[in-house]
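Survey of secondary and tertiary structure
In case you want the letters, here they are:
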Amino acid sequence: MPLARSLSFTSLSGLEEWDEEFDREDAVLFEIAWEVANKVGGIYTVIQTKARLTCEEWGENYFLVGPYMESSVRTQVELIEPCNAALRRTIDKMNSSGCKVYFGRWLIEGSPYVILLDVGFTAWSLDRWKSELWENCGIGVPWFDREANDAVLFGFLTAWLLGEVCTQCDEPPHIVAHFHEWLAGLGLVLCRQRQLPVATIFTTHATLLGRYLCAGNVDFYNNLAEFNVDKEAGDRQIYHRYCLERAAARCAHVFTTVSQITAIEAEHLLKRKPDIVTPNGLNVKKFSAMHEFQNLHAQSKARIQEFVRGHFYGHLDFNLDKTVFLFIAGRYEFSNKGADIFLEALARLNYLLRVNHSDVTVIAFFIMPARTNNFNVETLKGQAVRKQLWDTAQTVKERFGKKLYESLLVGQLPDVSKMLDKEDFTMMKRAIFATQRQCLPPVCSHNMLEDSSDPILNCIRRIGLFNTAQDRVKVIFHPEFLSSTSPLLPMDYEEFVRAECTVMGIPSVSTNLSGFGCFMEEHIADPSAYGIYILDRRFRGVDESCNQLTSFLFQFCQQSRRQRIIQRNRTERLSDLLDWRYLGRATGFRYPRPASVPPSPAHSLHSSPHHSEAEDEEEPYDEDLEAEKDRVNIRQPFNMPNRNKNQTVGLPEKN
């Protein structure tokens, strides 16, 4: 999706013209981001998922650069000696000059090399480097902004690293440095200011000022041309951050964004039109058979159901087989991530399900990390009670099985009335007594440090979703990233959502103000038929958008089991469109509407909000037949190119 070329900041140019084609084996790619082996937000997932493919294409010449975080390194990185002689000399030189630079492999798919810079160890240089930044670039960073101070340290260390690599190479190197977001952007600015022979790329996933403006309840996208960007950044006390981001965008040889909507945003706020849009993708894993991913889906759902059994002990008055799980996850930005509209829509959905006497229960998870001091005692108790009940059931089952076995051995049919004795009943009565609960199931799984001012909790209090018996919509706020080592919900994020929504066939809701939503609208004739519901947030007000989301959720709750399976399989078959291997090769292609019967209740022959098992049995679902219909209708938009290690690439010309 190329855009019109815009000029970089030519007064800082020091790069020789690289207009000739060159062998990729003679080039080195450094990808720099604050979220390399450091899970903060979505960029971590972006880099992690495309690492395997990038390693395949660049081999030993691909290096990720990020900050050294000891807690992450202990579990995610294997520290080793550098294999590249020039890089080994570079790291030795920097370490002997008062830095701490670590080299290793990131223990993810592809096992990419990582160079980790300890910003804390070089904090003694902060004042000197901030003075240099002011003298050379006219950007001042206040002492109280710790995140910006870290960006200064990280930027100067990155520029030092790249400059030292250029010095230590025996021959003039072809170095490409790809910087993500403003936290890494200063390194790019310094590379240009010092005239290093490095081709630079800057990618913004969402502009910094745009995040703040969106959170301020303004009609952002319809008034982009009207903002006084310097004043807006100054009013929000982020002018220094904005300057770092804008300088990186203006200085880069190539400036990219991850969506068309962000490209429009960057053009107005950063005053440079992106050269190209590079959508984020996923590392798509294919299975040899359709039932394989269905089995994984079932396993993950079963583990979530076990957590729910414990969380709602004493109030488990709903059928888990007729329970729909919804979730929203990511960085805790209450408005920007849509948590506000989601909660309001859940309240309206709760009303619709109650007045329609639906037997469907909805459990909505909010997985957004916030400041906590520990797990909620009541939540931990719930999981302990569930385990105790399970152990009791297993004990009684073993005793029952032993008596049954002994009865059959002597050739007698068992007397069922004597299979359970007084001791068994006592054990079961004690277990049932333990499930008695005097309070409602908690809406938050942790103790919040700022409970009274937390946006999600305050909204829950306002709309009244307290997990009562009358509520058909239950809420669980999990203010911590998921981990398989958690004593509460021992699942990784990928297991919980089955490795991102579309890849594992989980229908999702997005908006026409997100990169994902715009991408899907551009490439799919009818996204909702494939389980991708696009909410109109650009041309509708908040109340209209809430009603639209409520309608989407209510329709989904009305689907029969058969309809949900059809939709899930169809969503999974969209995954090629998001594969890193294929992105960028499908320009202009649009997936047609599915040929088979649509799963949406609005077009279904059934209008009842709930279907009996008998109805499902009358309409048997043949997965292979449905898949074949879609394969015929959804033509492969592109073929995988043959990989050639000697493939040549062109670098940007000097501006």
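Look above for the structure.
Below, the structure is looked at part by part. Worth saying up front: this structure is predicted, and the values here are computed from it rather than measured.

Conventions we followed
Residues numbered from 1 in each chain as written. Predicted model: local features only at pLDDT ≥ 70, side-chain atom pairs only at ≥ 80, totals over all residues. Heavy atoms only, no water. Helix = DSSP H or I, 4+ residues; strand = E, 2+ residues; numbered from the N terminus. Buried < 20%, exposed > 50% of the residue type's maximum accessible area, 1.4 Å probe, protein only. Contact = heavy atoms within 4.5 Å. Areas by Shrake-Rupley, 256 points an atom, 1.4 Å probe, with all protein chains shown as cover. Pairing = 2+ DSSP bridges. Right-handed = clockwise from strand over helix to strand, strands pointing away. Patch = residues over 30% accessible without salt bridge, like charges linked within 9 Å, V, L, I, M, F, W, Y side chains within 5 Å. Salt bridge = Lys/Arg side-chain N within 4 Å of Asp/Glu carboxyl O. Disulfide = S-S within 2.5 Å. Axes fitted to C-alpha atoms, helices over the stretch in contact; angles between N-to-C directions. Parallel < 35°, antiparallel > 145°, perpendicular 65-115°, else oblique. Left-handed = near helix turned anticlockwise from the far one by under 90°. Nonpolar A, V, L, I, M, F, W, Y, C, P; charged D, E, K, R; others polar. Core = buried A, V, L, I, M, F, W, Y, C linked by side-chain atoms within 4.5 Å.

1. Structural notes on the overall build of the protein
Tallying secondary structure elements over the protein gives 22 helices and 18 strands in all. When burial is assessed residue by residue, the protein has 52% of its 655 residues classed as buried. For the protein, the proportion of contacts with a sequence separation of at least 24, taken over those separated by at least 6, is 75%. Within the structure as shown, the protein displays about 30,300 Å² of accessible surface, and the carbon and sulfur contribution to it stands at 51%.

2. So, unusual backbone geometry
Look at Lys271: it is not a glycine, yet its phi comes out positive at around 60°. Locating Lys271 in the fold gives a position in the loop between helix 10 (260-269) and strand 10 (276-277). The phi dihedral of Asn467 falls on the positive side, at around 65°, and the residue is not glycine. Structurally, Asn467 can be placed in the loop between helix 16 (455-463) and strand 15 (473-478).

3. Digging into the pairing of strand 12 (residues 361-367)
Within strand 12, seven of the seven residues are buried, which leaves it mostly tucked inside the rest of the structure. Burial of strand 12 is two-sided: the residues Thr361, Ile363, Phe365 and Ile367 facing one way and the residues Val362, Ala364 and Phe366 facing the other way are all buried. In the sheet, strand 11 (residues 323-329) pairs with strand 12 via seven bridges, with the strands oriented parallel. Within the sheet, the bridge partner assigned to Thr323 lies in strand 12 and is Thr361. In this region the chain leaves strand 11, passes through helix 12 (residues 339-355) and returns to the parallel neighbour strand 12; the handedness of that crossover is right-handed. Sheet topology places strand 12 next to strand 15; six bridges connect them, and they run parallel. Bridged to Ala364 within strand 15 is Val475.

4. Details of a nonpolar patch on the surface
A cluster of nonpolar side chains, contributed by Tyr405, Leu409 and Val410, occupies part of the molecular surface with about 360 Å² of accessible area. Its location among the elements puts Tyr405 in helix 13 (residues 377-409).

5. A look at the pattern of salt bridges
Pairs can form between side chains of opposite charge whenever their charged atoms are close. Tallied over the full model, the rule gives 32 salt bridges. Note that Arg461 is salt-bridged to Asp451, the shortest N-O span being 2.3 Å. Highlighted residues: Arg461 in helix 16 and Asp451 in the loop between strand 14 (446-448) and helix 16, separated in sequence by 10 residues. Among the ionic contacts, a cluster of salt bridges with common partners joins Arg399, Lys403, Asp421, Glu423 and Asp424.

6. Overview of the state of the cysteines
A complete count under the given rule lists zero disulfides for this structure. Unpaired in terms of disulfides, Cys191 finds its nearest cysteine sulfur in Cys166, a separation of 7.8 Å.

7. Concerning the packing of helix 5 (residues 146-168) against helix 6 (residues 181-193)
Two elements in contact, helix 5 and helix 6, have axes whose closest approach is 7 Å; the angle formed by their N-to-C orientations is 40°. Classed by the angle they form, the pair helix 5 and helix 6 counts as oblique. Helix 5 and helix 6 meet at a crossing whose hand is right-handed. Where helix 5 approaches helix 6, its residues Glu147, Ala148, Ala151, Val152, Phe154, Gly155, Phe156, Ala159 and Leu162 are matched on the opposing element by Trp182, Leu183, Ala184, Leu186, Gly187, Leu190 and Cys191. Counted by class, the contact of helix 5 with helix 6 contains 13 nonpolar, two polar and one charged residues.

8. Concerning the nonpolar core
Ranked by size, the top nonpolar core spans 70 residues in total, and within it Phe30, Ile115 and Phe179 carry the most contacts. No other element matches the 12 residues that helix 5 contributes to this core. Among residues more than four places away in sequence, those in contact with Phe179 are Ile32, Thr158, Leu162, Ala184, Gly187, Leu188, Cys191, Thr200, Ile201, Phe202 and Thr203. In this structure, Tyr332, Leu465, Val475 and Cys546 belong to the second largest nonpolar core, which totals 40 residues.

9. What to know about the sheet that holds strand 15
The strand order 11-12-15 describes an open sheet built from three strands, whose pairing is parallel. Unpaired on one side and paired on the other, strand 11 and strand 15 mark the two borders of the sheet. In this sheet, neighbouring strand axes are inclined to one another by 20° on average, regardless of whether the strands run parallel or antiparallel. The sheet strands contacting helix 12 are strand 11, strand 12 and strand 15, and the helix crosses strand 12 at an angle near 170°.

By themselves, these figures tell us nothing about what the structure is for.
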